[in-house]
Amino acid sequence: QVQLVESGGGLVQPGGSLRLSCTASGGHFTAYTMGWYRQAPGQQRDLVATITNSISTYYADSVKGRFTISRDNAKNTVYLQMNSLKPEDPAVYYCNAARWVSARFDYWGQGTQVTVSS
């Protein structure tokens, strides 16, 4: 069982930057593909970015070129660097750990709020 704790959310002006962190415990971090999802009020939870243990990354089109996902396996931590934040980026951002063992197993953090406002 993996426990995920996010940090780094907050209020930022349009065009600003934030870095989210997610630290995992209770599992083998390198066995998981790590990801960030976001959910705005009244909306579904959408994939933002993922990173595998081999450092292969995927980004949603809406964040390509602005967000960067990375992981530090020595610290059991995944990061999301968010630059050039836009008014459409505010949401609760959730950290996800996914592993495939005959079926997909997902673990979620509690979420961290990102607000973009002038």
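Structure shown above.
On a predicted model such as this, the values are computed, not experimentally measured, just so you know.

### A few points about the side chain of E6
Looking at the secondary structure, you find E6 in strand β1 (residues 3-7). There is a polar contact of 2.7 Å between the side chain of E6 and the backbone nitrogen of C95. A polar contact is formed between the side chain of E6 and the backbone nitrogen of Q110, at a distance of 2.9 Å. Once you skip the residues sitting within four places of it in the chain, E6 turns out to touch S21, C22, W36, Y93, Y94, C95, G109, Q110, G111 and T112.

### A closer look at the pattern of salt bridges
Taken as a whole and assessed by the stated rule, the structure comprises four salt bridges. Measuring nitrogen to oxygen at the nearest pair gives 3.1 Å for the salt bridge that ties D61 to K64. Shared partners join several salt bridges into a network, and the residues in it are R38, R66 and D89.

### Looking at the state of the cysteines
By the definition in use, this model includes one disulfide. Across a sulfur-sulfur distance of 2.1 Å, C22 and C95 are joined as a disulfide pair. Disulfide C22 to C95: torsion about the S-S bond roughly -80°, handedness left-handed. Taken together, the residues span a long stretch of sequence, with C22 in strand β3 (residues 18-25) and C95 in strand β9 (residues 91-101) at a distance of 73 residues.

### A word on the sheet that holds strand β7 (residues 67-72)
The strand order across the open sheet formed by four strands is β1-β3-β8-β7, and the pairing between neighbours is antiparallel. At either margin of the open sheet sits one strand with a lone partner, and together these are β1 and β7. Put simply, the sheet's adjacent strands are angled 15° from each other on average, direction ignored. Inspection of the sheet shows β3 paired to strand β8 (residues 77-82) by six bridges, in the antiparallel sense.

Cut-off values and rules
- Residues numbered from 1 in each chain as written.
- Predicted model: local features only at pLDDT ≥ 70, side-chain atom pairs only at ≥ 80, totals over all residues.
- Heavy atoms only, no water.
- Helix = DSSP H or I, 4+ residues; strand = E, 2+ residues; numbered from the N terminus.
- Polar contact = N/O pair within 3.5 Å; in protein donor to acceptor, adjacent residues only side chain to side chain.
- Contact = heavy atoms within 4.5 Å.
- Salt bridge = Lys/Arg side-chain N within 4 Å of Asp/Glu carboxyl O.
- Disulfide = S-S within 2.5 Å.
- Pairing = 2+ DSSP bridges.
- Axes fitted to C-alpha atoms, helices over the stretch in contact; angles between N-to-C directions.

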